Amino acid sequence: MLRLVSLSLFSLVIALWCEPISAAQNKNKNNKNSAQEKRDDQRIKEAKEDVKEAQDKLKDDQKDLQEAQKAFGDAQAKEKAARQKLEEVRKRIEAKVESGSGIDNALAAQESAKKSYDVAAAPVLKTLKETPAYQAAVKKIADADARLKAVRADESLSAETKRKEIAQASKDKLATNELEQVALESDSSAKSARAKFADAQDRVNQIRAKIRSQIDSNPEIQSSLQAMRSAADATELAGQKMQRIREKIAADQAKLVREQLQVKQAEAADKANDNNNNNKKPNKKGKK
């Protein structure tokens, strides 16, 4: 009986001694779980703040893009107006300069000289085209045309060979021109008419060069040209700014996707930790 009482007292002491240890272990486990929960909550909070920051940045850049697009449109409109004004000024100045340049008379003289030359050259060319030499030259041109097509289509030829063949065929195509020039130079009437026609052409070219010089140096045109160039530069800069903002928006969108993914990952980690903690809790069953 005494031994039974001693054993009972010993069991009671052991139970009383183990109970504080078990309580401490449960307390430590609860504290550990609470700390993990706090870390998970903080991670989720920070991830959501990052998402909000990315959304705000994207919204600001989208607003900047709208402003940049409007500025680009305004710049384009100003450039278009500047170009139209330049064209109007140029036409007005051209008409004014040409009216006192003598270009109309020079063009009329050139046309008259050409008709005289054509009249003088016609019988010479008619006689030439009836000669065997001219007929041979015509055939030479036809052969040159066929050779050009064949050479260009022949992939087996080297680049150097092809270049030489094309150069020779192109030269052969001038066979009739060479005969015509010789014949016309040999006829005094045609030669004289040709010289007068050439002089008339030179006169027209000289007047046109003078007109271009006067137009290009005109102060009003210079001013309009500078305004147009400035407007074009502004358009280019506005377009570049708009492109840079578009690139920023693309980067913003990519960052927002990454930050949203971070939130999902943090929430998934929190859920996984909660499930682990729930699985570790003891399954307490009532005694019957």
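Everything below is about the structure shown above.
Since the structure is predicted, the reported quantities are computational estimates derived from the model, not experimental observations.

Reading the values: rules and limits
- Residues numbered from 1 in each chain as written.
- Predicted model: local features only at pLDDT ≥ 70, side-chain atom pairs only at ≥ 80, totals over all residues.
- Heavy atoms only, no water.
- Helix = DSSP H or I, 4+ residues; strand = E, 2+ residues; numbered from the N terminus.
- Buried < 20%, exposed > 50% of the residue type's maximum accessible area, 1.4 Å probe, protein only.
- Contact = heavy atoms within 4.5 Å.
- Areas by Shrake-Rupley, 256 points an atom, 1.4 Å probe, with all protein chains shown as cover.
- Salt bridge = Lys/Arg side-chain N within 4 Å of Asp/Glu carboxyl O.
- Expected span 1.5 Å × (residues − 1).
- Arc of directions from axis to C-beta.
- Core = buried A, V, L, I, M, F, W, Y, C linked by side-chain atoms within 4.5 Å.
- Polar contact = N/O pair within 3.5 Å; in protein donor to acceptor, adjacent residues only side chain to side chain.

Q: Can you walk me through the overall build of the chain in this structure?
A: Along its length, the chain carries seven helices and zero strands. Its helices and strands taken in sequence order, the chain reads α-α-α-α-α-α-α from the N to the C terminus. Buried positions account for 24% of the 288 residues belonging to the chain. Here the analysis covers contacts within the chain between residues at least 6 apart in sequence; of these, 88% occur between residues at least 24 apart. By element, 53% of the accessible surface of the chain is carried by carbon and sulfur atoms, the whole surface being about 21,200 Å².

Q: How do you make sense of the pattern of salt bridges when you look at a structure like this?
A: Side-chain pairs of opposite charge can arise whenever the charged atoms involved come near each other. Counting across every chain of the model gives 16 salt bridges. Of the charged contacts in the structure, one is a salt bridge between K248 and D61, with a shortest N-O distance of 3.6 Å. With K248 in helix α7 (residues 219-280) and D61 in helix α1 (residues 2-99), this pair connects stretches of sequence that are 187 residues apart. Judged by relative accessible area, D61 falls into the buried class, the value being 3%. Residues joined in a network through salt bridges with shared partners are K57, D61, K248 and D252.

Q: Could you clarify how one ought to interpret the environment of A169 in this entry?
A: Positionally, A169 belongs in helix α4 (residues 159-172). The residues touching A169, leaving out its near neighbours within four places in the chain, are A144, R147 and L148.

Q: Honestly, α4 in this entry has me stumped. Any pointers?
A: The periodicity of an α-helix, 3.6 residues per turn, causes residues three or four places apart in sequence to face the same way. Here α4 spans 20 Å end to end across 14 residues, near enough to the 20 Å set by a 1.5 Å rise per residue. Residues K162, A169 and D172 constitute the buried set of α4. Buried residues along α4 cover an arc of 90° about the axis, so they all sit on one side. Of the exposed residues in α4, those oriented more than 90 degrees away from the buried face are A159, K164 and K171.

Q: Sorry if this is basic, but what is going on with the side chain of E79 here?
A: Along the chain, E79 falls in helix α1. Take E79: its relative accessible area is 14%, and that puts it in the buried class.

Q: How should the nonpolar core be read in this particular structure?
A: If you look at soluble globular proteins, the nonpolar side chains tend to sit buried side by side. I93, I211, I215 and I221 are the most contacted members of the largest nonpolar core, which has 15 residues in total. Those elements giving two or more residues to this core turn out to be α1, α2 (103-129), α6 (188-216) and α7. Considering every element that reaches this core, the biggest residue donor is α1, with five residues. Excluding its chain neighbours within four sequence positions, the residues that come into contact with I215 are R90, I93, E94, V97 and I221.

Q: Would you explain the environment of T161 in this entry?
A: With respect to the helices and strands, the residue T161 is situated in helix α4. Classification of T161 as partly exposed rests on a relative accessible area of 34%. C-alpha separation for the pair T161 and V151, spaced ten residues apart in sequence, amounts to 9.2 Å. Within polar-contact distance, the side chain of T161 engages the side chain of S158 at 2.9 Å.

Q: Even after reading the chapter, I still don't get the side chain of D252, so can you show me in this structure?
A: Within the element layout of this structure, D252 appears in helix α7. With relative accessibility at 9%, the residue D252 sits in the buried group. Sequence-distant contacts of D252, that is, excluding residues within four places in its chain, are made with K57, L58 and D61.

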